Every structure is written in C-alpha cells, then in structure tokens.
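One letter stands for each residue in the lines below.
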Amino acid sequence: MIFCDIDRICRDRNIPNKYVLALVVAARARQLSERKGRLEDEKYISRAIDEISRGDVLVSCPMDAHSAPRRE
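Residues numbered from 1 in each chain as written. Predicted model: local features only at pLDDT ≥ 70, side-chain atom pairs only at ≥ 80, totals over all residues. Heavy atoms only, no water.

> How would you summarise helix 3 (residues 44–54) if you had to cite specific residues and measurements?
When we look at burial in helix 3, the residues that qualify are Y44, A48, I49, E51 and I52. Each buried residue of helix 3 sits inside an arc of 165° when the element is viewed along its axis, so together they form one side. Elements in contact with the buried residues of helix 3: helix 1 (6–12) and helix 2 (18–34). The positive-phi residue at the C-terminal boundary of helix 3 is G55, with phi of around 95°. (Buried < 20%, exposed > 50% of the residue type's maximum accessible area, 1.4 Å probe, protein only. Helix = DSSP H or I, 4+ residues; strand = E, 2+ residues; numbered from the N terminus. Arc of directions from axis to C-beta. Contact = heavy atoms within 4.5 Å.)

Here you go:
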C-alpha cells in the first residue's frame, strides 16, 4: 500500500478538496493504463499520485466550492 499525505498534496497543488484529488488521480491513472506500449506490472494509481505530488501533472479547478454562486 502506498502512503501519501493527501492533505499536503491538496494544499501544495491548490486542489480544493480530497474528492477532486481522487477524480484527478483516477483520470490520470486511466490515461496511463490506455497508452500504447505499457508494461503489464505498472501500478497506475501509484504513478498518478507520484506525478501529481511532484507537480508533473497540472490541475486547474475553474471554480471551487467557496467561490460558487449561491442560489437563494
């Protein structure tokens, strides 16, 4: 099992919450798994988390929960 400080990753990469981080990790892992010439023993989730924590994958969130318009 991989250990990572998800709160630190969210803070350092300006990701608004853990749910968005999970979506980003899943999307990147899917990209890695679908590429040509891949190895069968690769761990896509671990690699995606490493890439995101190092800043190799850029994440942009156009609107976070605090800046969303409110409906009244």
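> Go over the pattern of salt bridges with me, naming the residues and quoting the values.
Tallying each qualifying case throughout the model produces 5 salt bridges. One salt bridge in this structure joins R8 and D12, with 3.2 Å as the shortest N-O distance. Of this pair, R8 and D12 both sit in helix 1, 4 residues apart, which is roughly one turn of the helix. For R8, a relative accessible area of 32% translates into the label partly exposed. Overall, D12 belongs to the partly exposed group, its relative accessible area being 42%. Two residues, D56 and R54, come together in a salt bridge whose shortest N-O distance is 2.6 Å. (Salt bridge = Lys/Arg side-chain N within 4 Å of Asp/Glu carboxyl O.)

> Please give an account of the nonpolar core that cites residues and values.
By size, the foremost hydrophobic cluster in this structure holds 14 residues, and its most contacted members are I9, I15, L21, V25, A48 and I52. Looking at this core, the elements that each hand over two or more residues are helix 1, helix 2 and helix 3. Sorting elements by how many residues they give to this core places helix 2 first, with 6 residues. When neighbours within four sequence positions are excluded, V25 is seen to be in contact with I45, A48, I49 and I52. (Core = buried A, V, L, I, M, F, W, Y, C linked by side-chain atoms within 4.5 Å.)

> An account of the packing of helix 2 against helix 3 is requested, with residue identities and associated values reported.
To characterise two packed helices, one gives the angle between the axes of the helices and the distance between these axes. Viewed as axis vectors pointing N to C, helix 2 and helix 3 meet at an angle of 120°, and their least axial separation amounts to 8 Å. One element, helix 2, and the other, helix 3, form an angle in the oblique class. The handedness of the crossing between helix 2 and helix 3 is right-handed. Here helix 2 contributes L21, V24, V25, R28, A29, L32 and S33 to the contact with helix 3, which in turn contributes Y44, I45, R47, A48, I49, E51 and I52. (Axes fitted to C-alpha atoms, helices over the stretch in contact; angles between N-to-C directions. Parallel < 35°, antiparallel > 145°, perpendicular 65-115°, else oblique. Left-handed = near helix turned anticlockwise from the far one by under 90°.)

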